[in-house]
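In case you want the letters, here they are:
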Amino acid sequence: MEIAEQRFRRAALLTTGGVCAVAIFFMPGIDGGYRLSRFGLTGLVISCLAIYAFRLAPYFRQALPPQIKLMSWAGAYALTAIILPLSTPYPLLHASGVAQLALGLGLCYLVAMIFQQTTLAHRQHCLHLLTWTGGVIATVIILQQIGFPLLIQNLGGPEFQGQATFGNPNWAAAFLLPLVPVTLGLRQECSQTKTRWADTFLTILLIAGILATLSKGGIIAMIAGIVLYLMLGSTLQKKTKILLLIILSFFCVTIIFYGTMQGWHQSLPWVRGRLFLWQTALHLITAHPFTGIGLGGFLPAYPQAAATLINGDATAFMPLGTIRFLHNDFLQTIVEGGIPSALFFVIFILSAIQLGHRHGNEISRGVAAGLGALALYGMIDSPLHVPSSWILFWFLTGILLALPVTGQPKSADILSPRKRQVLMIALLTAALFSLVQGFRHLAGIIIWDKGKDTLKIRTIARSLANLSIASMLLPEIAGVRLDHARALAMKEQYSEALKESEVAMSLSADFNTLFFHAELTEYSVDQQTAKNEWEALRSSFPMLIRPYYELGRLAILIDDFSEARRQLTQAQEIRQDSSGAREYRQQATALLQAIETQTRK
């Protein structure tokens, strides 16, 4: 039996180390780390864990975690999100979303089954490994903020005012903020003075790291997590808990009122951008309130909803950068999975918080408060669509499932041979599935990067070969299909490139994809069809300079100089502020000058 306990302790450390590895690997860069961690590294981590759990199957005492009710709510959320939108027009994206949910639930289940076999002291050791990893990340962020030469990374845009990005300030805060209440719980649970002092220092370090990110939502969610932890405790009187809740509510209302009075919704780009995205979400929800549009369907459905909101108004505001997600996990759940799945998700979060209170120990309260804080942050951002906080969310849920209620006897049941066979089959299936997902994404991303690098130096044949393989490995990623279409176009295979770009548009119809499709239409179909497409883009997004410029250029090709002047003059008047817009504005000016020279002759 001692051998079994040692193996379970190793499995618990392996699990925690995997979560830490994803966080450390993901944080240093936005694009590379995000892509590689999304399903590559996370899939391989879960597969290694499942393989190890498969070896431990003879020693399991139960086939299900102790807190099966919470697991049932998580399963209900996943099932409704998967089943209700089965008629989605985005099957590739929905299949990818199903895989993501399956990986999350699988990780949660494996963590619960492994950690329930370990002692409370070993669980504390694992959580200390996790929180001190957060401390390392917080240290790097603080050093970046104070300008430490070797760690300065300015990876953000103008909205990120500090150097403390460590990948992205909001994403770094999303990983750190759940760890603050967890550290508070560990401090209260520990009886050793040295360890309590270390946990106190770590708590201060994590808070300082979150403050250094300058993430407004992350700071508010961190405060909410601390308040939630205090309210779940049994040491405070009821009046004190009510007072804390009132203070927190007053704080949030004050911020909203002050921001409204200061006109943040009109002056701050990140506020205006979120409000616009949430308006498009409400538009999509009214169209499919019960079933949703399918997991991952927000990205390809977004441009049409945005065009409906803009309604031809050239002065309307919309975010012009690449949209990865909705920046609101709850709204995105409703848009993609329907109202029932979002309702089950809310019940799941509330049940986790209630379970943390009912467990009767400080660690479970800290874990529950961390989950609640992360869910609250999901109301103003999308932490569950970011690899590091996604894997942390399901890991903490699994920990909560494994922790027994105070006074509840530990099960001594031994699984029957039939149940053990079923468990082993389930573990083997999870291992194979996550291994395929991990290898597919890891290999696909590496080959994709090679294809993009060779495309930049115009090594067309080699680039096309790499991108063809990447598009087969990752058929659901729009960026891969778009780069493949570009390689085909450079090879002058315009009809094939047009088909590939149409697939990319069905996966994520951002402006780069829409513009490239219109360019290909001119080469593979005819100029009139391309003109019609540019006119449709101009009508849908009148605040963009590119459609006006292209319409002016096409008018020059047919010697319609009056139309060309009109379109190019409008292009000069568009106030779009970006490097690309400035370039097209200069080109429009050059074409107007060429027209004037031509007409004088």
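Residues numbered from 1 in each chain as written. Predicted model: local features only at pLDDT ≥ 70, side-chain atom pairs only at ≥ 80, totals over all residues. Heavy atoms only, no water.

### Some thoughts on the overall build of the protein chain
For the protein chain, the helix and strand inventory stands at 26 helices and 0 strands. Considering the protein chain as a whole, with its 601 residues, one finds that 53% of them fall into the buried category. Sequence separation of 24 or more characterises 75% of the internal contacts of the protein chain that already satisfy a separation of 6 or more. Here the protein chain has roughly 26700 Å² of accessible surface; of this, 64% comes from carbon and sulfur atoms. (Helix = DSSP H or I, 4+ residues; strand = E, 2+ residues; numbered from the N terminus. Buried < 20%, exposed > 50% of the residue type's maximum accessible area, 1.4 Å probe, protein only. Contact = heavy atoms within 4.5 Å. Areas by Shrake-Rupley, 256 points an atom, 1.4 Å probe, with all protein chains shown as cover.)

### Remarks on unusual backbone geometry
Positive phi values are uncommon outside glycine, yet L214 reaches one of about 60°. Mapped onto the secondary structure, L214 falls in the loop between α8 (193–213) and α9 (216–232). In the Ramachandran plot, N311 falls in the positive-phi region, its phi being about 55° despite a non-glycine side chain. Examined against the element boundaries, N311 turns out to sit in the loop between α13 (298–310) and α14 (329–337).

### Remarks on helix α17 (residues 387–402)
Here α17 contains 16 residues, and its C-alpha end-to-end distance of 23 Å stays within 8% of the 22 Å for a straight helix at 1.5 Å per residue. In terms of burial, α17 is a largely internal element, 16 of the 16 residues being buried. (Expected span 1.5 Å × (residues − 1).)

### With respect to the pattern of salt bridges
Working definition: two side chains of opposite charge can pair if their charged atoms are close together. Using the criterion set out here, one finds 12 salt bridges in the structure. The salt bridge partner of D381 is R274, with a shortest N-O separation of 3.0 Å. With D381 in the loop between α16 (362–377) and α17 and R274 in helix α12 (residues 269–287), this pair connects stretches of sequence that are 107 residues apart. Note that R582 and D577 form a salt bridge whose closest N and O atoms lie 2.8 Å from each other. Residues participating in the shared-partner salt-bridge network are E519, E522, R546, E550 and R553. (Salt bridge = Lys/Arg side-chain N within 4 Å of Asp/Glu carboxyl O.)

### Topic: the side chain of T333
Among the secondary structure elements, T333 is positioned in helix α14. Not counting chain neighbours up to four residues away, the residues in contact with T333 comprise Y77, G338, S341 and A342.

### Describing the nonpolar core
Within the largest apolar cluster, 96 residues are counted, with the highest numbers of intra-cluster contacts made by F60, F115, L130, F393 and F395. Considering every element that reaches this core, the biggest residue donor is helix α4 (residues 91–115), with 12 residues. Each residue touching F395, except ones within four places of it in the same chain, is listed here: T15, T16, V19, L107, V111, F115, L127 and L130. Counting residues in each nonpolar core, the second largest holds 37 residues, with A281, A301, L326 and F541 among its members. (Core = buried A, V, L, I, M, F, W, Y, C linked by side-chain atoms within 4.5 Å.)

### Focus: the packing of aromatic side chains
In this description, an aromatic ring pair is defined by two values, namely the gap between the centres and the angle between the planes. This structure, assessed with the given rule, holds 17 aromatic pairs. On the numbers, 5.6 Å between centres and 45° between planes, the contact of F298 with Y302 is tilted. With a gap of 4 residues between them, F298 and Y302 both fall in helix α13, about one helical turn apart. Summarising the burial analysis for this pair, F298 and Y302 share the class buried. Look at F511 and F515: their rings are 6.1 Å apart centre to centre, the planes differ by 20°, and that puts the pair in the stacked class. Within this pair, F511 and its partner F515 are both found in helix α22 (residues 511–524), separated by 4 residues, close to a single helical turn. What makes F515 buried here is its relative accessible area of 12%. Every member of this aromatic cluster is reached through a ring pair, and the members are Y77, F330, F345, F348, F393 and W394. Of note, K452 hangs over the ring of W448, and the distance from its end group to the ring centre comes to 4.6 Å. Above the plane of the ring of F516 lies R486, whose end atom (NZ or CZ) is 5.7 Å from the centre. (Phe/Tyr/Trp six-rings, centres within 6.5 Å; stacked < 30°, edge-to-face > 60°. Lys NZ or Arg CZ within 6 Å of the ring centre and 35° of its normal.)

### Observations concerning the packing of helix α7 (residues 179–189) against α16
Orientation of α7 relative to α16, taken along the N-to-C sense of each, is 175°, at an axis distance of 7 Å. Here α16 runs roughly antiparallel to α7, going by the angle between their axes. Where α7 abuts α16, its residues P181, V182, G185, L186, Q188 and E189 lie against E362, I363, G366, V367, A369 and G370. (Axes fitted to C-alpha atoms, helices over the stretch in contact; angles between N-to-C directions. Parallel < 35°, antiparallel > 145°, perpendicular 65-115°, else oblique.)

### Structural notes on the confidence of the model for the protein chain
Summarising the model, the protein chain shows a mean pLDDT of 85, and 90% of its residues fall at 70 or more. Element-level pLDDT for the protein chain is lowest in helix α11 (residues 264–267), with a mean of 63, against a maximum mean of 95 in α14. Every residue in residues 153–163 scores below 50 in pLDDT, and together they form 23 contacts with partners more than four places removed in sequence or on other chains. (pLDDT = per-residue confidence, 0-100.)

### Digging into a nonpolar patch on the surface
On the surface, L79, I83 and L86 cluster together into a nonpolar patch covering about 320 Å² of accessible area. Residue placement: I83 occurs in helix α3 (residues 68–83). (Patch = residues over 30% accessible without salt bridge, like charges linked within 9 Å, V, L, I, M, F, W, Y side chains within 5 Å.)

### Here's the deal with α13
Spacing of three or four residues puts side chains on the same side of an α-helix, whose turn is 3.6 residues. The end-to-end C-alpha separation of α13 is 17 Å, in line with the 18 Å expected for 13 residues at 1.5 Å each. Those residues of α13 lying buried are F298, P300, A301, Y302, P303, A305, A306, A307 and I310. Check the buried side of α13 and you find it contacts α4, α12, α14, α21 (494–507) and α23 (527–540). Positive backbone phi, at 55°, marks N311, one or two positions downstream of α13.

### Here's the deal with the environment of S388
Summarising the element assignment, S388 is placed in helix α17. Taking the C-alpha atoms as reference, S388 lies 8.4 Å from I24; in sequence the two are 364 residues apart.

### Focus on the environment of T119
Mapped onto the fold, T119 is located in the loop between α4 and α5 (120–145). Residue classification places T119 among the partly exposed residues on the basis of a relative accessible area of 42%. Taking C-alpha positions, T119 is 8.6 Å from R9, a pair spaced 110 residues apart along the chain.

### Let's talk about the packing of α5 against α8
Following both chains from N to C, one finds α5 and α8 inclined at 45°, their axes separated by 8 Å at the closest point. Our classification of the angle between α5 and α8 gives oblique. The handedness of the crossing between α5 and α8 comes out as left-handed. Counting all contacts with α5, which are made through H128, T131, W132, G134, G135, A138, T139, I141, I142 and Q145, the residues of α8 involved are T195, A198, D199, F201, L202, L205, L206, A208, G209, A212 and T213. Looking at the contact of α5 with α8 residue by residue, the classes come out as 11 nonpolar, 9 polar and 1 charged. (Left-handed = near helix turned anticlockwise from the far one by under 90°. Nonpolar A, V, L, I, M, F, W, Y, C, P; charged D, E, K, R; others polar.)

### Some points on the state of the cysteines
Here the structure, examined in full by the defined rule, presents 0 disulfides. No disulfide involves C126; its sulfur sits 9.5 Å from that of C20, the nearest cysteine. (Disulfide = S-S within 2.5 Å.)

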